[in-house]
Amino acid sequence: MGSILIQSGFAAAIVSAILYLLASTGKEKYLKYGRLFFHLSVTATIASAAYLVYLIISHQFQYTYVWNYSSKSLPVNLLVSTFYAGQEGSFHLWAFFMAVLGIFLLQFLLKRDSSGNHNSNIERNDKYEPLVMFTFTLIHAFVLFILVIKSPYLFVWESFPKDAAVGFIPEDGRGLNPLLQNFWMTIHPPILFAGFSALAIPFCFAIAALVKNRYSEWMKLALPWTLFAGMILGLGIMLGGYWAYGVLGWGGYWAWDPVENSSLVPWIIIVAAIHTMLAEEKTSGYKKSSLILCIMAFVMVLYSTFLTRSGILGDSSVHSFVDPGQEVYLFLVVFLSLFGLSGIGLIFFRLKSLKTKKADTSEVLSRESALFTGAVVLSAAALVIAVGTSWPIISKGTIDAAFYNKMNLPLAIFIGVINGFSIMLAWKHSEEKRFLRSLIVPAALAIAGTIILAVFAVRDVLIAIFIATSLFSLFINSRIAYKIFINNKTKAGAYLAHIGVMILFLGVIGSSKYSEEVNISLPLNEPKEALGYKMTYKGSTPFLDMNEEKYHFNVVVEKDGQGFLLQPIMYYSEYSEGILKNPDIANLITKDVYLSPMALETPKEYSENDIVTIKKGEAIEVKGMKVKFIDFDRSKFSQESMQEGKDNIMGAELEITSGYEKEKIIAEQKISDGETENIPVKLKSNERYTFFLSNVTVTGESSIELGIVDAQEIKDPQAPEMLVLTASIKPFINLVWGGTVIMVLGFFFSLYSRYKKFDNEKRKSSKIIYNNGHQNGHQKNGHHKTHNEKQLK
């Protein structure tokens, strides 16, 4: 059923795209059929998504995808999130959001075009629905086709024909990767893919404008969707950073990983597009820039999809998926090439008609010029990150994080300066003296704030400049946002978003540049000083989480008479076949105290220096004694019981000569469930020495490894267990998260304000159309009525 739904959705999307293409040539009779097949495609896509969720929550493990990523032990929220845990599911999530956004996009276009259909002056060529929906539906069809060739509905016997018989149903699934078993798994990927899907809409409007060669209205239609895409994708990116910070334990939130970067680049480009579109709205210029940026933002989404899903970054990114197979790889190349080359080719084809007239060229000292300069700087940052991200393809190597930090720091400084300047500039022309006077107060406050920070902490000149420019922009935007917010909250959106970005910048500086970190070993119940805090390891507490035994390692952190308990986690994961670690964080007002566990060291019975190797029949001198390995003792060992999984004991008969005393002992090693336990044995005549049978070799030249511990050499016979961890302080990291929230709120207010403006303009347009129609309906009696009115006046 699932495969039929996917194939039906793909076929309907192709038919819809063809019908919309025909409608765009003026054959309007195909328009309603294009809408019908689009709705059929959307229905099939959403139904397929619902069906896959049903298969997951009802534990239909006969399906390879369900078996591979889910299990009966997962809670409902994580069980549902396995929908997009793998390649196939993540493509389905993308198709699902394309379908959902497509419904709203079609309604948006129908409202716009219906308001114009009553106006006889509106040309047929003014309709945006056919071309926009043709491009959008074609993209949707491409995503669905990936699901056709890489289906999430394969049975286990189809995926593993040599290992599974037809009809075989596994009792349970493999489960979800432990690193993904987190609350943010249910939120972060859907938001990110909603952002990726939303970026297709400005792209579609840009393509429609270029094909129609009409640029008077596309921007007003595309801008609300561009704001929505920027808001959602930005939120998704930062949620991913917050997730990494709280789970992975390396102490940061952005590692400049190629896959992380591949989502950041489209966001930076679409933010640049928003600014050029605003300049275009006010001046009718910058059309070419806006079109190029809207097209490139979505092209970079496709490029990031290729990087992430093709397996090409498998050796250079922890987030990359495995090789999806040759068919999907080639199709991703076609997907990227078709839409990328089409968009860029249309730009070149329309270059002549996109040239800005000299009369429309703005002065240097104007807001639109500043916005364009800011867009150029943002595009430069995107280019730097894109080149670094693509480096594994170019040279089969990786770029160090220091490259990104070094290259982007000057660009971030420029962004702060340009943002502050642009707010104080007027459209088209600004009076120089008035502009300079407006900068005095915020510049003075920024310099004063930077000097204070330099006295206490800041020593790096570039960082000091970065702080100054961020404060400069923050003060300017805060002052204007406050004035606007009092009168109309929604119109303060742009300034609020800028405030959020600058606060985020300051948080990045504090939490990364001035983070303190130290590795510390904490013996049980023994306080130690680190980073100005007293830390005491109080032991471990086992707990059961999704049928896995995990351990809280309890650390009491104290300072100035106040304390708190942090509980980093370590456990053995059968899924990963290794030890996994999760940090714990104390979120304070001005900083985070971050503890990331590294290892638990337990007291050892003996050290490597205490181990000697003795061949069978050989005698050696060690620690003032003569030790002879006589033979193996198999009296407690049985091959049959070992095969049955029962406990066994292998022994070694030893002859010990110490001074004039000679004594025989048997050193034993217990074997249980594949693990060994060394049983200590002492001499009756001299309890100073303890012997441990560490290892046995029974094939070839028989030998043993023997641990001999001298009690007089043990410095601390009751040494406690020791927790080794990395402790760090993250100053002002709350500014990163707070800045993100403020930025997203700014986007939301801007989007809401833009929607209200569009709705009001539509209402006015409808009213004018109605009045015109009403007047035309009374034209026959108009002359007589007008004459009588004049007489009455």
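Going along each chain's sequence as written, the residues are numbered from 1 onward. Per-residue local features are limited, in this predicted model, to residues with pLDDT of at least 70; the limit for side-chain atom pairs, both in listing and counting, is 80 or more; totals at the level of whole chains, interfaces and linings are taken over all residues. Processing note: side-chain calculations cover all non-hydrogen atoms of the structure and skip hydrogens and water entirely.

### Let's talk about the confidence of the model for the chain
Piece 1. In the predicted model, the chain carries a mean pLDDT of 86, and 89% of its residues have values of at least 70.
Piece 2. What pLDDT reports is the predictor's confidence in each residue, on a scale of 0 through 100. Two residues form a contact once any of their heavy atoms are found within 4.5 Å. Ignoring residues within four places in sequence, the model shows residues 116–124, a span with pLDDT below 50, making seven contacts including any to other chains.
Piece 3. Confidence over residues 779–793 falls short of pLDDT 50; this stretch has zero contacts with residues more than four positions distant or in other chains.

### Comments concerning the sheet that holds strand S13 (residues 648–658)
Piece 1. Judged by pairing direction, the sheet is antiparallel, and its five strands sit side by side in the order S11-S12-S13-S14-S15 without closing on themselves. Of all the strands in the sheet, the pair left with one neighbour each is strand S11 (619–622) and strand S15 (675–679). With strand direction ignored, the average angle separating the axes of adjacent strands in the sheet is 30°.
Piece 2. A pair of strands is labelled paired if DSSP reports no fewer than 2 bridges between them. Numbering of helices and strands runs from the N terminus, with a helix taken as a DSSP run of H or I at least four residues long and a strand as a DSSP run of E at least two residues long. Two elements, S11 and strand S12 (residues 625–633), share four bridges in a ladder whose sense is antiparallel. In the strand pairing of S12, Ile620 is matched with Val627. Helix axes use the C-alpha atoms of the stretch in contact, all axes being lines fitted to C-alpha atoms, and the angles between their N-to-C directions lie in the range 0 to 180 degrees.

### Re the packing of aromatic side chains
Piece 1. Classification of ring pairs rests on two measures: the distance between centres of Phe, Tyr or Trp rings, Trp counted by its six-membered ring, which must be within 6.5 Å, and the angle between planes, read as stacked under 30 degrees, edge-to-face over 60 and tilted in between. Enumeration over the complete set of coordinates arrives at 40 aromatic pairs.
Piece 2. Ring geometry for Tyr128 versus Phe205: centroids 6.3 Å apart, planes at 45°, classification tilted. With Tyr128 in the loop between helix H5 (87–117) and helix H6 (129–149) and Phe205 in helix H9 (residues 200–212), this pair connects stretches of sequence that are 77 residues apart.
Piece 3. We call a residue buried when its accessible area falls under 20% of the maximum for its residue type, exposed when it is over 50%, and partly exposed in between, using a 1.4 Å probe and counting protein chains only. Classification of Phe205 by relative accessible area gives buried; the value is 0%.

### Here's the deal with H6
Piece 1. Here H6 contains 21 residues, and its C-alpha end-to-end distance of 30 Å stays within 8% of the 30 Å for a straight helix at 1.5 Å per residue.
Piece 2. Most of H6 sits out of view: 18 of its 21 residues are buried. Helix span is expected to be 1.5 Å times the residue number reduced by one.

### What to know about helix H19 (residues 493–513)
Piece 1. Across its 21 residues, H19 extends 30 Å between first and last C-alpha, which sits within 8% of the 30 Å expected from 1.5 Å per residue.
Piece 2. Burial runs high along H19: 16 of the 21 residues are buried.

### Remarks on the side chain of Thr690
Piece 1. Structurally, the position occupied by Thr690 is in strand S17 (residues 689–697).
Piece 2. A relative accessible area of 10% places Thr690 in the buried class.
Piece 3. Here Lys682 takes part through its side chain, which lies 2.7 Å from a polar atom of the side chain of Thr690.
Piece 4. If we skip the residues at most four places from it in the chain, Thr690 touches Pro680, Val681, Lys682, Gly707, Ile708 and Val709. Two N or O atoms form a polar contact when they lie within 3.5 Å of each other; inside protein one atom must be a possible hydrogen donor and the other a possible acceptor, and for residues adjacent in sequence the pair counts only when both atoms belong to side chains.

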